[in-house]
Each structure stands twice: as structure tokens, then as C-alpha cells.
Amino acid sequence: MQKIPVKVAHYGRFDPRVTTGGVETFARNLGIVFEEVEFLTPSTQDRDRVIAEKIPVICDNQMVTDWPESFPVIGFQHGVAEVKASLTKTRTDRKLAKAQAKATRRENTLWVACARWISRTFEERYDNPADHVVYHQVDVERFDGRLENEGTNLILHDGRSEHKGKELFAHLVKALPEWRFETLNCAPADVPDRMRQGAAFVHLSRYEGNSIVCNEAMAMNLPCLFTRVGLMNDGEDLDVSIVESEDVYGPRDRMVETVKTFLDGLSTRTYTPRRWTMENATPEAHVAAWRKVMEDFSGRAGWDLELGP
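Just so we're clear, the structure is a prediction, and the values are computed from it rather than from any experiment.

What follows concerns the side chain of Gln-100. With respect to the secondary-structure elements, Gln-100 resides in helix α4 (residues 91-103). Those residues within four positions of Gln-100 in sequence are excluded, and the remaining contacts are Asn-61, Gln-62, Gly-79, Val-80, Ala-81 and Phe-122.

If you trace the five strands from one edge of the open sheet to the other, you get β8-β7-β9-β10-β11, paired in parallel fashion. Every interior strand has two partners, whereas the edge strands, β8 (180-183) and β11 (241-243), have only one. Averaged over all adjacent pairs, the angle separating strand axes in this sheet is 25 degrees, with direction ignored. Pairing of strand β7 (residues 154-157) with strand β9 (residues 200-203), which is carried by three bridges, proceeds in the parallel orientation. Each residue of the ladder has a partner; that of Ile-155, found in β9, is Ala-200. Along the sheet, helix α8 (residues 212-219) makes contact with β9 and β10 (224-227), crossing β9 at roughly 160 degrees.

Moving on, we come to the pattern of salt bridges. Across all of its chains, the model carries 23 salt bridges by this definition. Where Lys-7 meets Glu-36, a salt bridge forms, and the shortest distance between an N and an O atom there is 3.8 Å. Separated by 29 residues along the polypeptide, Lys-7 in strand β1 (residues 4-11) and Glu-36 in strand β2 (residues 34-40) bring together distant segments of the chain. Glu-36 sits in the partly exposed class, given a relative accessible area of 42%. Beyond isolated ion pairs, a larger network of salt bridges with shared partners links Lys-7, Glu-36, Glu-38, Asp-46, Arg-49 and Glu-53.

What counts, and where the lines are drawn
Residues numbered from 1 in each chain as written. Predicted model: local features only at pLDDT ≥ 70, side-chain atom pairs only at ≥ 80, totals over all residues. Heavy atoms only, no water. Helix = DSSP H or I, 4+ residues; strand = E, 2+ residues; numbered from the N terminus. Contact = heavy atoms within 4.5 Å. Pairing = 2+ DSSP bridges. Axes fitted to C-alpha atoms, helices over the stretch in contact; angles between N-to-C directions. Salt bridge = Lys/Arg side-chain N within 4 Å of Asp/Glu carboxyl O. Buried < 20%, exposed > 50% of the residue type's maximum accessible area, 1.4 Å probe, protein only.

Everything listed here is a matter of geometry and, on its own, says nothing about what the molecule does.
What follows is the structure, encoded as C-alpha cells:
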């Protein structure tokens, strides 16, 4: 796979080399796409140099406003904070929603989203759809779909916060003792082998932009039970089991029955979500999508980026 032979900069709140999180994982993965990636934060942005050298800057959504409008930037829509804030009710998410709303009015910005539902929602709420949709890539050589889970009762999840179902899984542990519910809770390098041992992956989240861990579970070809959030709103044929949030964030007995029905069906139904990954989210597909973005950006900015063949 040939990288796009240009240098870009990622501009986010935190340095992805020392901080973990979805945005930071995305930033690090830009190294799969581009020949060179520089990581910038508000305290290390060196704005004058970047502008003078005409380095394409890929900004975390709301942070496009930190750059003068005369300078073209790429804004990446990881999610819709207004939707998240309506569910979490937190001050942090409400503040982020206001910042995103302000960012939608910035001129000279090429917008990219990681899922179609995000672009569609920004259009509906702010008249600001994405110019491109680039799905997150998964390293399909590490997440290779080779399961070693015969006879296991291990059900993996990532419910380590309230809006990702932390309390729900605590209840499921007691309600369904025949199954062993455990979080991934391991170093990023160990996630593929951890998933390899699972009977299924269950993600009971109230909100997602496009969850990277869900993409990884699909690439691993695990049977998956997801709430209809994030990528599940795009209408793609993912070959996963999808339930409505109200079916799990309502009465506990209904939540338990919903999960139990999925788990009881594992012995009779085969899931193959890796197929979608191989068609839409490989590193090769990711690079091809970013090449279209950079061709568009080069034309709009009037910069000869020499993108190569």
C-alpha cells in the first residue's frame, strides 16, 4: 500500500503520542495514510510556520476556529456533540456543542465526516454537511478474523462509562451468570488477541460518532450486539445484531431479555461482519478515500500538493 506522499498536520486538544482516546487514535492512524504527520495542540501549534509552509492541517471539528479564515483547513467531524449532550446532559458536552455550532460557520473549510449520519445531522441542524465521508480504517492484518473461542462463555464489552453502559453490564453479570462479561481492559496492542478469545462483543452505548472499537470487533468477525448509534445509523449491511437504545436503557428486565435473546442465538446463527470491513474499512480503502479528500483540498486551496500516482 502506497502512502500519500505529502506532509500533513493534525490539530487537536491533546498530543496523541501521550494521550489515548478516539480522536487521538484517529490522529495516530493518519500515519498509515500520509508520508509524514505532525501533531499540533493549542500549546504547540507553531501557527506562523505551518501557514508559511502551507502544511495541510486536519483539525478536530470545533478546533478549526483556532486558525485564521484566510488559511484553508480540513475539519474532521468525529461526532455531533449536540446529540451527545441531549443524552449525557453534561456541561462538557453542552460546551462542545456550542463550539461545534460556531465552527460550522467558518469559511475556507473542507469538511470530512467519519460516518454518513454525522454529515446528515450537521446538514439538518447547521446546514453544514461534510464534503466527504471517510470511514475509520482497521488494521485487518492485526484484526484478522481468526477466532479462538470454541466453547467459551466470554462476552467482551467496552462499557467503562455511564453512557457506554457501565451500570447495565454490572446488572448483566448478576442476571446472566452463565455468561462471563468482561471489559477489554488491556493495552491497545493486546486488543486483537483479547477479542480472539471472546464468544461475542456487546456494545450498549447511548451515543457514538463511529466507534473504533466496534469497527475492530467487526473486523475480528465477532458476533456483535450494538445499540443503534454511530455507524449503525448509516444503513449499511453490517451483519450485526442491532437494538434500539430504549430497549436497553429502559426497564432492566427488558434489557436483560434483549441481551439474553442475542446470546442464546449464538449457537444457531452465524455472523460475518468482517465482510463489510474488508469492503469499506481496510487501510487501502481508507487511503483511497483520503486521496479524494486531498485532491479536493488541493484544488480549493490552490496548492500543488504533488499527491503522486
